[in-house]
Amino acid sequence: MKKQTPKAVLDAQENKNLMQELDDMMRRLFGCSLSDATEKQVYRALCNLIREYLTTKNGEFNNAVSGQEQKEVYYMSMEFLVGTSLRNNLFNLGLEKEFREGLKAAGFDIDAIYELEPDAGLGNGGLGRLASCYMDAATGLGYPVTGYSIRYEFGIFRQKIVDGWQMEFPDNWLEMGDVWLRPREDDAVEVRFGGEVREWMDNGKFKVAQVGYNSVIAVPHDLFISGYNSESVNRLILWSAKLPQSFDMAAFSRGDYVRALERNAMAETISKVLYPADDHIQGKRLRLKQQYLLVSASLQSILKKHYKKYHTFDNLADKVAIHINDTHPALCVPELMRILVDEYEYGWDKAWEITCKTLSYTNHTVMSEALERWNVDLFREQLPRVYSICQEINRRLVEELSAVYPDDWAKINYMAVIANNEIRMANLCLAACHKVNGVSKLHTDILRNGIFRDYCQLTPDRFLNVTNGIAYRRWLCQSNPLLTDYLTDIIGDGFKRDARNLEDLLKYQDNDEVLANLRAIKRKNKERLAALIAKRNGIKVDPDSLFDIQIKRLHEYKRQLLNILHVLHLYNEIKANPNADWTPRTFIFAAKASAGYIRAKQTISLIVAVSNFINADPEVRDKIKVVFMEDYKVSLAEVIIPAADISEQISVAGKEASGTGNMKLMINGAVTIGTLDGANVEIHEQVGDDNIFLFGMKAHEVEELWQRGYRPGEFLSPELQKVLDMLTSGILGQRFDDLVASLLTGRFGTADPYMTIADFRDYARAQRLVSETYRDTKKFTNMSLVNIAKAGIFSSDRAVEEYAKQIWYLKK
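Because the structure is predicted, anything quoted here is derived from the model rather than measured.

Parameters at a glance
- Residues numbered from 1 in each chain as written.
- Predicted model: local features only at pLDDT ≥ 70, side-chain atom pairs only at ≥ 80, totals over all residues.
- Heavy atoms only, no water.
- Core = buried A, V, L, I, M, F, W, Y, C linked by side-chain atoms within 4.5 Å.
- Buried < 20%, exposed > 50% of the residue type's maximum accessible area, 1.4 Å probe, protein only.
- Helix = DSSP H or I, 4+ residues; strand = E, 2+ residues; numbered from the N terminus.
- Contact = heavy atoms within 4.5 Å.
- Phe/Tyr/Trp six-rings, centres within 6.5 Å; stacked < 30°, edge-to-face > 60°.
- Polar contact = N/O pair within 3.5 Å; in protein donor to acceptor, adjacent residues only side chain to side chain.
- Pairing = 2+ DSSP bridges.
- Axes fitted to C-alpha atoms, helices over the stretch in contact; angles between N-to-C directions.
- Parallel < 35°, antiparallel > 145°, perpendicular 65-115°, else oblique.
- Left-handed = near helix turned anticlockwise from the far one by under 90°.
- Nonpolar A, V, L, I, M, F, W, Y, C, P; charged D, E, K, R; others polar.

Engineer: Teacher, can you tell me more about the nonpolar core here?
Structural biologist: Among soluble globular proteins, nonpolar side chains are generally buried collectively. One finds Ile 50, Leu 86, Phe 99 and Phe 379 to be the most contacted residues of the largest nonpolar core, which totals 149 residues. Tallying contributions element by element places helix H10 (residues 281-310) first for this core, with 10 residues. Not counting residues up to four positions away in its chain, the partners in contact with Ile 50 are Leu 86, Asn 89, Leu 90, Leu 93, Leu 95, Phe 99 and Trp 180.

Right under this line is the structure:
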């Protein structure tokens, strides 16, 4: 019998081959060997090597998909919050251990290499992170899914707190992040803005053309997406903007050097910054241009590829699914019609049939300001042909609705695409898309019975729920290796392939040894976060204290204000009785506020002021600490989340569509304090009453109170009034009169729609229960264990499978 080579020898040979490939890449890029390289050179060489692997695998995957004529999905989103890619790709490819050991032997620490990579900040919060999670999951499951977005040069801003106020600075992620992108100049497409529409008859055929327009060239950049333990590799295609002729030689020749470059600079502005402030007309115009650039460039690319293969669009819906992720890419509806009707001469009815069958839409919010509406004059100015198509869509829609709801003009106006001098992006999707989904059970119920009720009554089968999910391998396996290794030891590694196997952990409830080990792991993760806080904030926090964490986009409905008001309430209680046996607590906040969102920025200022105030009080600071960690992003979340004891999910019921931070914290063993809002409802279903801290009004109670007439003064206790007085007295170093007024009267004299004061008393009760329970270490750790074990259902694998079967109609 042939003698087998020991596995250790094979592993060593594989490591040697990998490191030789890295050394070869180093020589090609920098003309030096690995032994002479700097950390930055190692980073770039390693990223280039991994990108080459992914490029090869993507080509093989595409050939297989094309050869089998599989249906493909194109996922349109203004945001993809990718975070960092190096560690994620090495983990998915199964190469992390090999490169860690090989680099260590060469004198490099791979963790220091990871630190060099900037977050690809192509998103602002849950929407963009969800899109990235779904790309990861779809790739791991072997589904052909291509993401489309914009290559924002500066992405989401870099946040700096200056004198207590959020300041925004450019985040030049491309300086080191460009290594993952492969530009394809030859596949650039033209996108047209402005001009006017000309119509005429030609041999009995209606013809139309957009003339006098300004052209922008959209250039695609490929960012390859790997999947866990998968041969599949998908692409996220990011568009950048430039002019067809980027340099005005005539202007340069006559000495007008600025003019020679300014037109191209104006074109490049389209892909410069994610979500430019739109509190002025220039910002609104830029946002509209961004959305159309994404949609038009992507659809042109998709349809060109399809037509080249099939020479018809009659089968488009059989081979292509185009998914609209929230309302930003809603222009897919009229743009797909424009291309089919204008460029390929399809009749309206056939083009509309193809469009409706091809497009699907996920709604992510019930907030009216997020259901985008565009002023007709602005829209017509920038997109004249698309506007005329929207007019025709609306004319036909109103005709159909008039037959169903005769003389009910209020309802027809509410459902129309164009009304009150506005174009409604959500209604555009509702008028066309063959499937419309919400992102949690509660959210979908609100869509069906609330804001989309009239459409749902017409075609109820179009509406369904797909509860959000997370890329748990990133948030557990990569971010929390201590917990992952321990889970592998006691329940096996099956959960790495199927998150539902985490339920095997339930058999260890009340097991003293396992609970002690879980506490020890949490303690180490808290020590890591405490060290980062000391380094970044100069604040010393106690890892044995309860880490109470709220990390998410700053918005009034998420109620960071409720949290910090309670912190001040707790401060007052401690001051009144400093010698009582208080549970030590550390309150940790991280959030970015949109640049033009003044109320949110005022809330950050309040949190920072409270932090300075409490942390400087020697009588209190050993009992509670408050920390605001600036510049929140994916890589920071990967350190914070494994250290959390309590997960703050405290939005007013009925406002949060789903949330995904709640799931990431849950799978790392944090226990939720929250309202029955968004996916908290389903977390509660999974863990039961005993393993979550619930408080506050339910969604129907919020609505009933609003209809009855919400008067904050009726809910204002003496304890809360004392806290509000602190905000207006100047004791915190500045006054926050506007915030107090927003709680008592809201905007324009109306009551606060987020009902912070109404829920405060019950929130304080739940927080007292948190403190009491945390002191019972066995009980609290059991709660943590149950949360880990029951988190498997919130995997993005499950969510993508539901999209694939119920919306996209994919087959493996």
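Engineer: Please clarify how the packing of aromatic side chains should be interpreted in this entry.
Structural biologist: What characterises a pair of aromatic rings is the spacing of the ring centres plus the angle enclosed by the ring planes. The full count for this structure, using the stated rule, is 17 aromatic pairs. Relative to Phe 715, the ring of Tyr 710 has its centre 5.8 Å away and its plane inclined at 50 degrees; by these criteria the two rings are tilted. Accessibility expressed as a relative area gives 6% for Tyr 710, which makes it buried. Residue Phe 715 is classed as partly exposed on the basis of its relative accessible area, which comes to 28%. Relative to Phe 780, the ring of Tyr 774 has its centre 5.1 Å away and its plane inclined at 80 degrees; by these criteria the two rings are edge-to-face. Given the relative accessible area of 17%, Tyr 774 is considered buried. Since its relative accessible area comes to 6%, Phe 780 is described here as buried.

Engineer: Just checking my understanding: could you explain the side chain of Lys 592 for this structure?
Structural biologist: Relative to the helices and strands, Lys 592 resides in the loop between strand S21 (585-590) and helix H24 (598-615). The exposure class of Lys 592 is buried, given its relative accessible area of 7%. From its side chain, Lys 592 meets the backbone oxygen of Phe 157 in a polar contact 2.6 Å long. Residues in contact with Lys 592, not counting those within four places in the same chain, are Ile 156, Phe 157, Arg 158, Gln 159, Gln 166, Lys 552, Arg 553, Leu 554, Asp 631 and Tyr 632.

Engineer: Help me understand the pairing of strand S11 (residues 214-226) in this model?
Structural biologist: Counting buried positions along S11 yields 12 of 13 residues, so the element is predominantly enclosed. Judged from the 3 bridges that link them, strand S7 (residues 181-183) and S11 form a sheet pairing that is antiparallel. The residue of S11 that forms the bridge with Arg 182 is Asp 222. For strand S8 (residues 189-193) and S11, the ladder comprises 5 bridges, and the chain directions are antiparallel. Along S11, the bridge assignment pairs Arg 192 with Ser 215. In this structure, S11 lies alongside strand S12 (residues 233-242), joined through 10 bridges in antiparallel fashion. In the sheet register, Pro 220 faces S12, and the bridge partner there is Trp 239. Where S11 folds back on S12, the antiparallel hairpin that results is connected by 6 residues, among which Asn 229 adopts a positive phi of roughly 50 degrees.

Engineer: Hey, could you run me through the sheet that holds strand S15 (residues 373-375) in this one?
Structural biologist: Backbone hydrogen bonds are what pair the strands of a sheet, in a parallel or an antiparallel way. The strand order S15-S17-S16 describes an open sheet built from 3 strands, whose pairing is antiparallel. Edge positions in the open sheet fall to S15 and strand S16 (418-419), since each of these has one partner strand only. Two strands pair when backbone bridges link them, and S15 and strand S17 (residues 422-424) are joined in this way by 3 bridges, in the antiparallel orientation. In the strand pairing of S17, Asn 375 is matched with Glu 422.

Engineer: Got a minute to help me understand the packing of helix H23 (residues 560-576) against H24 in this structure?
Structural biologist: Helix packing geometry: the angle between the two helix axes and the distance between the axes. Between H23 and H24, the least distance of the axes is 10 Å, while the angle of their chain directions is 20 degrees. Compared by their axis directions, H23 and H24 come out roughly parallel. The handedness of the crossing between H23 and H24 comes out as left-handed. On the side of H23, the interface is formed by Gln 560, Leu 561, Ile 564, Val 567, Leu 568 and Tyr 571, while H24 contributes Thr 603, Leu 606, Ile 607, Val 610, Phe 613 and Ile 614. Residues that form the contact of H23 with H24 fall into these classes: 10 nonpolar, 2 polar and no charged.

Engineer: Any chance you could explain the sheet that holds strand S20 (residues 546-551) here in plain terms?
Structural biologist: Taken together, the 6 strands give an open sheet; going across it, the order is S22-S21-S20-S23-S24-S25, and neighbouring strands pair in parallel fashion. Single-partner strands in this sheet number two, and they are strand S22 (624-628) and strand S25 (693-694). The sheet contact formed by S21 and S22 spans 5 bridges and is parallel. When the bridges of S22 are listed, Arg 585 appears paired with Ile 624.

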